Amino acid sequence: MIIRLDLQSEVPIYTQLKHTIIEGIAAKELAPGEALPSVRAMAADLGVNMHTVNKAYQALKQDGFIHIHRQKGVVVNPDGMPPNDDVFVERVQSDLRPLVTEAVCRGMSSEQFLQFCSELFAEFKE
């Protein structure tokens, strides 16, 4: 999996890294139980601070996407992905709200917005 970070982006680097790893899992580029590089190795590969990688890994661990073992290192959750529970549904609604309101303000049609969402969803469900 190739990780690309935009160091000029307003999105924090750890968030970009977290999202990229989740995208790799969704795209089946990272399989359950597959090892990820150590914090030190990932930081060196990306040219970022180890604390940045550690923060991304801790967020992924908290959300249930990875496990961090002392002996095995960092692995994609071998037990499967976190559930689609009420907490997650609320977070999706909350995260989508600013995107939808900006799309409305910019004159995007609901059909265009939904088409874009459908295409993205299909990209990862294949």
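Being a predicted model, the structure only gives us computed values, none of them experimental.

A. Representation of the sheet that holds strand S1 (residues 35–36). The strand order across the open sheet formed by three strands is S1-S3-S2, and the pairing between neighbours is antiparallel. Since the sheet does not close on itself, it has two edges, and those belong to S1 and strand S2 (66–69), each with one partner. Sheet topology note: the S2/strand S3 (residues 73–76) ladder contains four bridges and is antiparallel. Across the sheet, isoleucine 66 pairs through a bridge with valine 76, a residue of S3. Sitting on the sheet, helix H3 (residues 50–62) is in contact with S1, S2 and S3, with an inclination near 115° to S2.

B. Looking closely at a nonpolar patch on the surface. There is a patch of nonpolar side chains on the surface, built from Phe88, Val89, Val92, Leu96, Leu99, Val100 and Val104 and spanning about 530 Å² of accessible area. Assignment of secondary structure puts phenylalanine 88 in helix H4 (residues 86–105). You can call phenylalanine 88 partly exposed: its relative accessible area is 35%.

C. Up close: the packing of helix H1 (residues 13–26) against H3. At a closest axis distance of 8 Å, the pairing of H1 and H3 adopts a crossing angle of 50°. As far as their axial angle goes, H3 and H1 are oblique. The two elements H1 and H3 cross, and the hand of that crossing is right-handed. Between H1, through Ile13, Tyr14, Leu17, Lys18, Ile21 and Ile22, and H3, the contact on the second element is made entirely by Thr52, Val53, Lys55, Ala56, Tyr57, Ala59 and Leu60. Across the contact of H1 with H3, the residue classes tally to ten nonpolar, one polar and two charged.

D. Fine view of the layout of surface pockets. Approximately 1,800 Å³ is the volume found for the largest pocket. If you trace the largest pocket, you find 32 residues lining it, with Ile22, Ala26, Phe88, Arg91 and Val92 closest to the centre. Looking at the lining of the largest pocket, the elements with two or more residues in it are H1, H4 and helix H5 (110–125). Grouping the constituent residues of the lining of the largest pocket by class yields 19 nonpolar, three polar and ten charged. Counting the residues that make up the lining of the largest pocket, at least three belong to each of domain 1 (13–76) and domain 2 (86–124). Roughly 170 Å³ of internal volume is contained in the second largest pocket. Mapped onto the lining of the second largest pocket, the elements with two or more residues apiece are H1 and H5.

About the thresholds
Residues numbered from 1 in each chain as written. Predicted model: local features only at pLDDT ≥ 70, side-chain atom pairs only at ≥ 80, totals over all residues. Heavy atoms only, no water. Pairing = 2+ DSSP bridges. Helix = DSSP H or I, 4+ residues; strand = E, 2+ residues; numbered from the N terminus. Contact = heavy atoms within 4.5 Å. Axes fitted to C-alpha atoms, helices over the stretch in contact; angles between N-to-C directions. Patch = residues over 30% accessible without salt bridge, like charges linked within 9 Å, V, L, I, M, F, W, Y side chains within 5 Å. Areas by Shrake-Rupley, 256 points an atom, 1.4 Å probe, with all protein chains shown as cover. Salt bridge = Lys/Arg side-chain N within 4 Å of Asp/Glu carboxyl O. Buried < 20%, exposed > 50% of the residue type's maximum accessible area, 1.4 Å probe, protein only. Parallel < 35°, antiparallel > 145°, perpendicular 65-115°, else oblique. Left-handed = near helix turned anticlockwise from the far one by under 90°. Nonpolar A, V, L, I, M, F, W, Y, C, P; charged D, E, K, R; others polar. 1 Å grid on protein atoms, 1.4 Å probe; cavity = no way out; pocket = protein on both sides within 12 Å on 5 of 7 lines; lining within 4 Å. Points joined across faces, edges and corners; volume = space filled by probe spheres on them. Domains from an automatic or database assignment.

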